[in-house]
Amino acid sequence: MEIVRSGGLGDPETFRSRQLTARQMLTGDLEGEDLEKFVEERVLATTLDKAVAWARGNAMFPLTFGLACCAIEMMSIVAARVDVARFGFEAFRASPRQADLLILSGRVSIKMAPVVRRIYDQMLEPKWVIAMGACSSSTGIFNNYAIVAADKFMPVDVHVPGCPPRPEALMHGILKLRNQIQLNPDQDWRTRYGGHGTEEVVLPGDRGA
Amino acid sequence: MTDLDAITRDVPYREREASIDISAFESQEGQEELLTLNFGPHHPATHGVLRLLTVLEGEVIRDIKPIIGYVHTGIEKTCEDKAYWKVIPVVERMDYLAYYFNAMAYCSAVEQLIGLEVPKRAQYLRVIHLELNRIMSHLVWLGTSCLDLGAISMFWYCFRDRESVLDLFEMSSGQRMHPRYIQVGGVFEDIPVGWADRVRRFCEEMPTRVDQYAALLDKNEIVVQRLRDVAVVPESTLLKLGVTGPLLRASGNPWDLRKAQPYSSYEDFAFQIPVGTIGDNYDRFRVRMQEMKESVKIIAQALDGLPEGPYITDDRKYALPPRHELATSMEALIHHFKLVTEGFRVPPGEVYAPIESPRGELGCFVRSDGSAKPARVHMRDPSFVNLQAIKVMCTDTYIADFIATLAMLDPVLGGIDR
Amino acid sequence: MPDATGLELLANELRDAGDDAVLDTVFFRGQATLLVQPGAVPAVLAFLRGWGYNFLASLHGVDYFPEEPRLGVHYEMLDMRNVDRISVKTRVHTEAPEVPSVVADWPTANHQEREVYDMFGVVFEGHPDLRRILMPEDYEGHPQRRDFPMGGEPVLFTHNTRNGPGWWDQS
């Protein structure tokens, strides 16, 4: 069986010289200009914001929020075929305080909507929402008294169409969100959606009305 | 700031919570410190959005009250607005793990109302898909139950097998979930070339897999300790509570509609009904594992005996004519037009058609008033009725036992809330 | 299913036993139905239990709008020994939607009667806890009645889409 290496490591002719330079680096023999050139080739310079956004996007913790049929396909992305762990998102947290991605998988009934909103509010910034499936984005095939579309009461970042969307489609949506986070890290949802002025402040004397 | 005052004072959701009356709980005799704990609709261990108000004395549950409706979709009302054909995808999304069964119950009811004969090949194809769905539903049950018990690796094994079943569904109908394959009068289209071989290969592999899972779990000390002798309910109580399906079979009653009131050619197949002895969680677990193997037997027999013939009824008033006829036959064109625009009309009447879904008796009541839209569709969902048994099963048990019992109850909230 | 003659025999027994409980019998597509007065429902079900129908498979409601009496409640009974099913149906008006509850003898009716109350407004007298089960508790109206609007939102096309500024257009 032949092992074919891709071209990412440079061409084979310079391999020996690069190997020698690396050994010199490790033994501490590389100095002066050679050292500077060596380091420059291997260091990526960026701003702190971009670095943090890159890290944030690669380590999203989804919330276990399965509502209906889409939840089964969401469980499928954790399973082995479409493995969400290869992107780092397999740690589904049960507590909203520990999660930053809310995947609304399933239909949101009017009884559940305040619960969803409350859980979204309990999540800490930065937080994102994926409305998975047709029922949470619009009301899907159930255009009736009992269902409400998710973006009527909470901001949604990515809508994934499908009924239910294939696990690959949901993965595509999650990766699109990851790109958004890494490129445009405007974490505060109020800034993203122009929602300033909607803050609810509960003053100490007003509780339990 | 005055607007904000108004907002904080006027939060109807908090008031709504106050309407649930727990004073009955608090006035129980012999009360030590009783704690009312809410297993909210968002919880990792309730299978779906089920809310349970539990009254705890230490770790022991003294009372439990399920509160449902958090995924109520108004499916039954939506069905009244759609033509009979269009109801099928709506009704499929009810019990979202047993979608072929939902469609089958509804189509059985409509076919009974019309008096339509389903061709033999279509019946066999329906049986194959229904049993594949039963295996898939039990696999998801097994995976999520073991996830609740802590045996997380079972989740991956079961979902790997689920993917094989979904591949078969995708090959026959194009969709993994909710495929609208079962139609009124038969099935949507015939199976493609090579599907039967793939199903046969699946049938050869599946019993080995189930045996592997059994080897992993059946005599596992933790599984036995957590499930043996937990939540034993006598069969008479279960019958009074209307419980059917594997829960009833685990307590010793071999009631299975596939044998008792065979529908869709189930009488042609030889299979056994696994029945438990004690009626505890361990029996429920073993019954479902064995049901998977029995389903494989049914599928193999159905494939061997699959007759040639039409896959949907020939009655053009209820099933679309094949497309090549539209070019030559005027009646076919008219039938096609009528079916696609208005849909078929069903003679007035009321019918209740029950079938055996993975969770119990799934019945569909259809009332028609002679028009092209049903006047009432009601799905008697097994989980909705089985959930009433949670109180009997979980009173005076520990919370950990309650989690295991809920897992063994196999509730699917889509069916409960509809 | 008891066949047509069996159904008639059963109905005659009931008529002899009770007073005007049975209004009609229907035998349609192989399924037997007894139409009874609302007040007689627990007695009829108890009678059927004596005949072997000891499993209440389903309790559901129907709205017969515009026929009166409008609200129907159906009880699907099952005899597991002889594998027989029979339906008991009763109808009430919206103005007086009271039906005696059967929860005492048939505990399976608990959630199912609550659902019929929630969706149709039929009040089951004697039910231990008659509250809404599927809709939020403070919901007004009974959704599955035929004259209750379907709700939902109109589908937006170009002819009915608002062209005015939306929330994203706060400039």
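Only a predicted model underlies this, so the values are computations on that prediction, with no experimental measurement involved. (Residues numbered from 1 in each chain as written. Chains lettered and ligands numbered in written order. Predicted model: local features only at pLDDT ≥ 70, side-chain atom pairs only at ≥ 80, totals over all residues.)

Student: What should I look at first to understand the overall build of chain A in this one?
Tutor: A count of helical and extended segments in chain A gives 8 helices and 4 strands. Ordered by position from the N terminus, the helices and strands of chain A form the series α-α-α-β-α-β-α-β-α-β-α-α. A globule of 209 residues ought to have a C-alpha radius of gyration of about 17 Å, yet chain A, at 23 Å, is considerably larger. Referenced to the eigenvectors of the C-alpha coordinate spread, the extents of chain A come out at roughly 75 × 50 × 25 Å. Taking all 209 residues of chain A together, 36% fall into the buried category. Sequence-distant contacts, at least 24 apart, represent 75% of the contacts inside chain A between residues at least 6 apart. (Helix = DSSP H or I, 4+ residues; strand = E, 2+ residues; numbered from the N terminus. Rg over C-alpha atoms; globule rule 2.2 N^0.38 Å. Buried ≥ 20, exposed ≤ 12 C-beta atoms within 10 Å, placed from the backbone. Contact = placed C-beta atoms within 7 Å.)

Student: What's the story with the overall build of chain C in this structure? I'm lost.
Tutor: Helix and strand counts for chain C come out as 3 helices and 7 strands. When the helices and strands of chain C are listed from N to C terminus, the series reads α-β-β-α-β-β-β-β-α-β. Computed over its C-alpha atoms, the radius of gyration of chain C comes to 21 Å, more than 25% above the 16 Å expected for a compact globule of 171 residues. The principal-axis extent of the C-alpha atoms belonging to chain C is close to 80 × 35 × 30 Å.

Student: Can you walk me through the packing of helix 14 (residues 281–304) of chain B against helix 19 (residues 399–409) of chain B in this structure?
Tutor: All names here are of chain B. Running from N to C, helix 14 and helix 19 point in directions that differ by 30 degrees, and their axes come no closer than 10 Å. Between helix 14 and helix 19, the angle falls in the class roughly parallel. The two elements helix 14 and helix 19 cross, and the hand of that crossing is left-handed. Residue-level contacts link N281, R284 and F285 of helix 14 to A404, T405 and M408 of helix 19. Of the residues assigned to the contact of helix 14 with helix 19, the class counts are 3 nonpolar, 2 polar and 1 charged. (Axes fitted to C-alpha atoms, helices over the stretch in contact; angles between N-to-C directions. Parallel < 35°, antiparallel > 145°, perpendicular 65-115°, else oblique. Left-handed = near helix turned anticlockwise from the far one by under 90°. Nonpolar A, V, L, I, M, F, W, Y, C, P; charged D, E, K, R; others polar.)

Student: I'm lost on the environment of T33 of chain C in this one. Help?
Tutor: Residue and element names in this part refer to chain C. Take T33: it is sitting in strand 2 (residues 31–36). Given 19 C-beta atoms within a 10 Å radius, T33 is considered partly exposed. Distance in space between the C-alpha atoms of T33 and R85 is 9.2 Å, their sequence separation being 52 residues. For T33, the contacting residues outside a window of four places in its chain are T25, V26, S87 and K89.

Student: Can you walk me through the sheet that holds strand 7 (residues 360–368) of chain B in this structure?
Tutor: Within a sheet, neighbouring strands are paired by backbone hydrogen bonds and run either parallel or antiparallel to one another. Residues and elements named next belong to chain B. In spatial order, the strands read 6-7-8; together these 3 strands make up an open sheet with antiparallel pairing. At either end of the open sheet lies a strand with only one pairing partner, and these are strand 6 (349–357) and strand 8 (376–380). The sheet shows a mean angle of 15 degrees between the axes of neighbouring strands, direction not considered. As defined by bridge partners, strand 6 adjoins strand 7 across 9 bridges and the pair is classed as antiparallel. Within strand 7, the residue paired with S357 across the bridge is G360. Of the strands in this sheet, strand 6, strand 7 and strand 8 are in contact with helix 6 (residues 99–114), which crosses strand 6 at around 145 degrees. (Pairing = 2+ DSSP bridges.)

Student: Would you explain the interface of chain B and chain A in this entry?
Tutor: How big an interface is tends to be stated in terms of accessible area lost as the parts join. Between chain B and chain A, the residue contacts involve 33 residues of the former and 36 residues of the latter. Within the residue set of the side of chain B that touches chain A, elements represented by two or more residues are helix 1 (2–9), helix 4 (75–79), helix 5 (84–92) and helix 8 (153–173) of chain B. Among the residues making up the side of chain B that touches chain A, the classes are represented as 16 nonpolar, 10 polar and 7 charged.

Student: When you look at the nonpolar core in this model, what are you seeing that I'm missing?
Tutor: For soluble globular proteins, the rule of thumb is that nonpolar side chains tend to be buried together. One finds L104 and I130 of chain A together with V91 and Y106 of chain B to be the most contacted residues of the largest nonpolar core, which totals 217 residues. At 15 residues, helix 7 (residues 120–149) of chain B tops the list of elements feeding residues into this core. Among all residues touching L104 of chain A, those that are not within four sequence positions of it are F65, L67, V116, V129, I130, A131, M132, S136 and A150 of chain A. (Core = buried A, V, L, I, M, F, W, Y, C linked by C-beta atoms within 7 Å.)

Student: Quick question: what am I supposed to make of the environment of F169 of chain B here?
Tutor: Residues and elements named next belong to chain B. Among the structural elements, F169 can be located in helix 8. A residue is classified by how many C-beta atoms lie within 10 Å of it, and F169, with 21 of them, is buried. As a C-alpha pair, F169 and H129 span 40 residues in sequence and 7.8 Å in three-dimensional space.

Student: For this particular structure, what's the right way to read the interface of chain C and chain B?
Tutor: Contact with chain C, which involves 28 residues of that partner, is made by 34 residues of chain B. With 7 residues, the single largest contributor to the side of chain C that touches chain B is strand 3 (residues 55–63) of chain C. Broken down by class, the residue content of the side of chain C that touches chain B amounts to 15 nonpolar, 8 polar and 5 charged.

Student: Honestly, the confidence of the model for chain A in this entry has me stumped. Any pointers?
Tutor: Any region with low pLDDT has predicted coordinates that should not be read closely. Here chain A averages 83 in pLDDT, while 91% of its residues score no lower than 70. Every residue in residues 1–7 of chain A scores below 50 in pLDDT, and together they form 0 contacts with partners more than four places removed in sequence or on other chains. (pLDDT = per-residue confidence, 0-100.)

Student: I tried to follow the environment of A131 of chain A on my own but got confused; where do I start?
Tutor: Residues and elements named next belong to chain A. With respect to the element layout, A131 can be found in strand 3 (residues 128–132). Under the C-beta neighbour-count criterion, A131 is labelled buried, with 26 such atoms within 10 Å. Between the C-alpha atom of A131 and that of V108, which follows or precedes it by 23 residues, the distance is 10 Å. Contacts of A131, omitting those with residues within four sequence positions, involve L104, S136, S137, A150, D151, V156 and H159.

Student: Is there a simple way to explain the confidence of the model for chain C in this structure?
Tutor: Here chain C averages 85 in pLDDT, and 92% of its residues register 70 or above. Scored by ipTM, the complex comes to 0.89, with pTM at 0.87.

Student: Even after reading the chapter, I still don't get the packing of helix 3 (residues 48–58) of chain A against helix 7 (residues 167–183) of chain A, so can you show me in this structure?
Tutor: In a pair of packed helices, the angle between the axes and the distance between the axes together describe the arrangement. Residue and element names in this part refer to chain A. Remark: helix 3 packs on helix 7, axes separated minimally by 7 Å, with the N-to-C direction vectors making an angle of 160 degrees. Relative to helix 7, the element helix 3 lies roughly antiparallel. The handedness of the crossing between helix 3 and helix 7 is right-handed. Along the contact surface, helix 3 presents A53, W54, R56 and G57, while helix 7 presents R178, I181 and Q182. When grouped by side-chain class, the residues that make up the contact of helix 3 with helix 7 number 3 nonpolar, 2 polar and 2 charged.

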